[in-house]
Amino acid sequence: MDFFELRETGVHEEFRADEAEEPAGRRSYAEVIAARSRIEVTRSTMEEVEFDLVGVDVSIANALRRIMLAEVPTMAIESVYIEENTGVVQDEVLAHRLGLIPLRVDPNDFEELLDPEDATDVNTIVFGLEVKAPINIVAPNARRRIDDPVEDDEVARRPGGHKHTTVVTTKDLKWLPQGDQETFLPEPARPVHDDILITKLRPGQAIGLEAHGCKGIAKDHAKFSPVATASYRMLPRIDLVKPVEGDRATALKNRCPLDVFDIEDIVSDDGPPASRAVVARPRDCTMCRECIRRIDDVPFGDDMADYVKLKRHADFFLFKVETAGQLAPLRIVHDAIAILKAKCDKWRTELELSGGSLSLD
Amino acid sequence: MNAPERHKAYLLEDDEARVEYAKDQKIPNAGLFTIYKEDHTIGNLVRMQLLRDSDVRFAGYKLPHPLEHRCLVKVQTTGAKPKEVFLRSISDLHSEFDYLDRYFREEVLRFKEAT
Ligand code: SF4
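The notes below deal with the structure included here. As the structure is a prediction and not an experimental result, all values here were calculated from the model.

**With respect to the overall build of chain B**
Along its length, chain B carries 2 helices and 4 strands. N-terminal to C-terminal, the α/β element order of chain B is β-β-α-β-β-α. If you line up chain B on its principal axes, its C-alpha atoms span 60 × 50 × 20 Å. Scored against the burial criterion, the 115 residues of chain B give a buried share of 45%. Once local pairs closer than 6 in sequence are excluded, the contacts in chain B between residues at least 24 apart make up 55%. For chain B, the computed accessible surface area is about 6300 Å², with 49% contributed by carbon and sulfur atoms.

**Here we look at the nonpolar core**
Counting 58 residues, the largest nonpolar core has Leu53 and Met68 of chain A together with Val46, Leu50, Val73, Phe86 and Phe97 of chain B as its most contacted members. With 11 residues, helix α2 (residues 82-114) of chain B is the single largest residue contributor to this core. If we skip the residues at most four places from it in the chain, Leu50 of chain B touches Val56, Ala59, Val73, Val75, Val85, Phe86 and Ser89 of chain B.

**Digging into the site of the ligand**
Contacts to the ligand come from 14 residues, most closely from Cys256, Cys285, Cys288, Arg289 and Cys291 of chain A. In terms of residue class, the shell around the ligand is made up of 11 nonpolar, 1 polar and 2 charged.

**Some words on the sheet that holds strand β3 (residues 56-62) of chain B**
Residue and element names in this part refer to chain B. Spatial ordering of the open sheet is given by β1-β2-β4-β3, a layout of 4 strands whose pairing is antiparallel. Every other strand in the sheet has two partners, leaving β1 (19-23) and β3 as the edge strands with one partner each. Across the sheet, the mean angle separating the axes of adjacent strands is 20° when strand polarity is ignored. Of the strand pairs in this sheet, β3 and strand β4 (residues 70-77) are connected by 6 bridges, and their pairing is antiparallel.

**Concerning the interface of chain B and chain A**
Residue-level contacts link 49 residues of chain B with 52 residues of chain A. Interface area, chain B with chain A, both sides summed: about 5100 Å², of which 64% is carbon and sulfur. Ranking the residues of chain B by area buried against chain A places Arg6, Lys83 and Phe104 of chain B at the top, with a combined share of 14%. Our enumeration of links across chain B and chain A arrives at 8 salt bridges. Across the salt bridge formed by Lys343 of chain A and Glu38 of chain B, the nearest N and O atoms sit 2.6 Å from each other. Scanning the region where chain B abuts chain A turns up 16 residue pairs in polar contact (both at pLDDT 80 or more). The set of elements that each furnish at least two residues to the side of chain B that touches chain A consists of β1, α1 (40-51) and α2 of chain B. Take the side of chain B that touches chain A: its biggest share by element is 24 residues, from α2 of chain B. A class-by-class count of the residues in the side of chain B that touches chain A yields 22 nonpolar, 8 polar and 19 charged.

**Remarks on the packing of helix α1 (residues 29-36) of chain A against α2 of chain B**
Where α1 of chain A meets α2 of chain B, the axes come as close as 8 Å, and the angle between the chain directions of the two elements is 15°. Here α1 of chain A is positioned roughly parallel relative to α2 of chain B, judged by the angle of their axes. In this structure, α1 of chain A meets α2 of chain B at a crossing whose hand is right-handed. Residues Tyr29, Ala30, Ile33 and Ala34 of chain A of α1 of chain A lie in contact with α2 of chain B, whose contacting residues are Asp92, Ser95, Glu96, Tyr99 and Tyr103 of chain B. Looking at the contact of α1 of chain A with α2 of chain B, its residues break down into 6 nonpolar, 1 polar and 2 charged.

**Some details on the pattern of salt bridges**
Residues and elements named next belong to chain A. By the definition in use, this model includes 38 salt bridges over all chains. With a closest N to O distance of 2.3 Å, Glu48 and Arg43 form a salt bridge. The class of Arg43 is partly exposed, set by a relative accessible area of 36%. Several salt bridges share partner residues, and in doing so they unite Arg43, Glu48, Glu50 and Lys320 into one network.

**Here's the deal with the pairing of strand β12 (residues 206-216) of chain A**
Residues and elements named next belong to chain A. In terms of burial, β12 is largely enclosed, as 10 of its 11 residues are buried. With 10 bridges joining them, strand β5 (residues 74-85) and β12 adopt antiparallel strand pairing. Residue pairing for β12: Glu84 is matched across the bridge by Gly208. With 8 bridges joining them, strand β7 (residues 125-132) and β12 adopt antiparallel strand pairing.

**Describing the environment of Asp101 of chain B**
Looking at where Asp101 of chain B falls in the secondary structure, it is placed in helix α2. Sequence-distant contacts of Asp101 of chain B, defined by excluding residues within four places in its chain, comprise His334, Ile337 and Lys341 of chain A.

**A few points about unusual backbone geometry**
Residues and elements named next belong to chain A. Of note, the phi angle at Met287 is positive, near 60°, even though the residue is not glycine. Relative to the elements of secondary structure, Met287 occurs in the loop between β15 (274-279) and β16 (308-323). Take Met287: its relative accessible area is 8%, and that puts it in the buried class. Positive phi, normally seen in glycine, also occurs at Asp297, with a value near 60°. Of note, Asp297 is situated in the loop between β15 and β16. In this structure Asp297 comes out as exposed when scored by relative accessible area, which is 82%.

**Here we look at the sheet that holds β7 of chain A**
All names here are of chain A. Strand order across the open sheet formed by 4 strands is β5-β12-β7-β9, with antiparallel pairing between neighbours. The outermost strands of the open sheet, each flanked by one partner alone, are β5 and β9 (173-175). Each strand axis lies, on average, 25° off the axis of its neighbour in the sheet, ignoring direction. In the sheet, β7 pairs with β9 via 3 bridges, with the strands oriented antiparallel. Across the sheet, Phe127 pairs through a bridge with Trp175, a residue of β9. Contacting β5, β7, β9 and β12, helix α3 (residues 91-99) runs over the sheet at an angle of about 150° to β5.

**Topic: the pairing of strand β2 (residues 30-36) of chain B**
Two faces belong to every sheet, and in a regular strand the side chains alternate between them. All names here are of chain B. For β2, a buried count of 6 out of 7 residues is recorded, marking the element as mostly surrounded by other parts of the structure. Direction of pairing for β1 relative to β2: antiparallel, over a ladder of 5 bridges. Following the sheet pairing, Tyr21 is matched in β2 by Phe33. Where β1 folds back onto β2 in an antiparallel hairpin, the turn is made up of 6 residues, including Asn29, whose phi is positive at roughly 55°. Taken together, the 7 bridges between β2 and β4 define a ladder with antiparallel strand orientation.

The rules behind the values
- Residues numbered from 1 in each chain as written.
- Chains lettered and ligands numbered in written order.
- Predicted model: local features only at pLDDT ≥ 70, side-chain atom pairs only at ≥ 80, totals over all residues.
- Heavy atoms only, no water.
- Helix = DSSP H or I, 4+ residues; strand = E, 2+ residues; numbered from the N terminus.
- Buried < 20%, exposed > 50% of the residue type's maximum accessible area, 1.4 Å probe, protein only.
- Contact = heavy atoms within 4.5 Å.
- Areas by Shrake-Rupley, 256 points an atom, 1.4 Å probe, with all protein chains shown as cover.
- Core = buried A, V, L, I, M, F, W, Y, C linked by side-chain atoms within 4.5 Å.
- Near = heavy atom within 4 Å.
- Nonpolar A, V, L, I, M, F, W, Y, C, P; charged D, E, K, R; others polar.
- Pairing = 2+ DSSP bridges.
- Axes fitted to C-alpha atoms, helices over the stretch in contact; angles between N-to-C directions.
- Buried area = accessible area lost by both parts, 1.4 Å probe.
- Salt bridge = Lys/Arg side-chain N within 4 Å of Asp/Glu carboxyl O.
- Polar contact = N/O pair within 3.5 Å; in protein donor to acceptor, adjacent residues only side chain to side chain.
- Parallel < 35°, antiparallel > 145°, perpendicular 65-115°, else oblique.
- Left-handed = near helix turned anticlockwise from the far one by under 90°.

Here you go:
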């Protein structure tokens, strides 16, 4: 197993503690992976999932992360047909803002649309946005700013007052089902959130448009990315190479801002009771290196680095995936693995097929 | 105006192969694989997989230009045919992701039951 060791300055070495596995005979890496890798979900909510991926190479962890960021398909608004827009937000800016709205639509229910001319109900979802800001009346969906100190309706209703402003949000986006969409979609298409501000209108201004959404991947445009962020870090490993006892243990515990260490009492029959520091929560460590920093004029400030070694496991990845709302977080991970698998499959078939035409040397 | 088509980054052209192989004319047992519409995600993955193979003497990848969506993988072997070695690596990768896929499904089931 490999580790990366962090010293006071920089990452110093990557060393192999032992390389007992993989004997001379060819055992494919796939079997090695099968034997020692595992996945463990540690936390899963509607928005976020954290899981451990253990026993694989960084390139696999990184490929997984990059696929989640850029190649898992989702649906987003792609073309906007504007009939009327008298608001201050220009057409192209409005269209861009609409594009960025996450939509709760399963991309698996749809096919890819390559040319906007070929739009049909199996590859396009349509939303209508029709808002007219009333003149001199309180707009029905006008919102008061939360921090408004007084309820002076008279002032608020006057031109320039906030009740004169019509707020256009994702709630105003109306799904217009096309063809059989109402039957084949399990639930109506809608934006993930109802309260995303699209634009604001003054009395008399109006917006009328039709927005067409299609399937895409974030390599094309970042709006298709299913994740807010997908990242991994390697599991920290903190070794206490010499026993850290007594006052030094307390000093070490107090130094760590993330409370990685605990103090354990050593009970012995002879001698006075003593205490010892133990590494209790290595997962919380952020590798801030405070515990190995040389600090002057502080008890035990000068040689803590001789006791504590900071390392990272080279094959233990703590993933964290936050969804942007279109897909459930576990689904994103699952899709990403499936995409990688499909890619390998395609190349394999193609290389095998081309075996005849390309000489095999 | 002269912006490249957006779909060029990820969609194969009609007449484009997904992978191409060209034998190296100067170095023995070496060849160049061109994987179209792929980037570092796959380049690094394939390179690492090739380097695990004891038949591989050299493996490296590069993206020739940020606006050209292809990834070049150069392989030199100790004697085996580069294409065979490459194919073996791809198969290995496939079964690795197969395992991961299975482990992930199992784990999700376990997690859902536990909570
Ligand atoms: S590196 Fe920082 S967080 Fe980690 S154990 Fe040391 S002091 Fe604590």
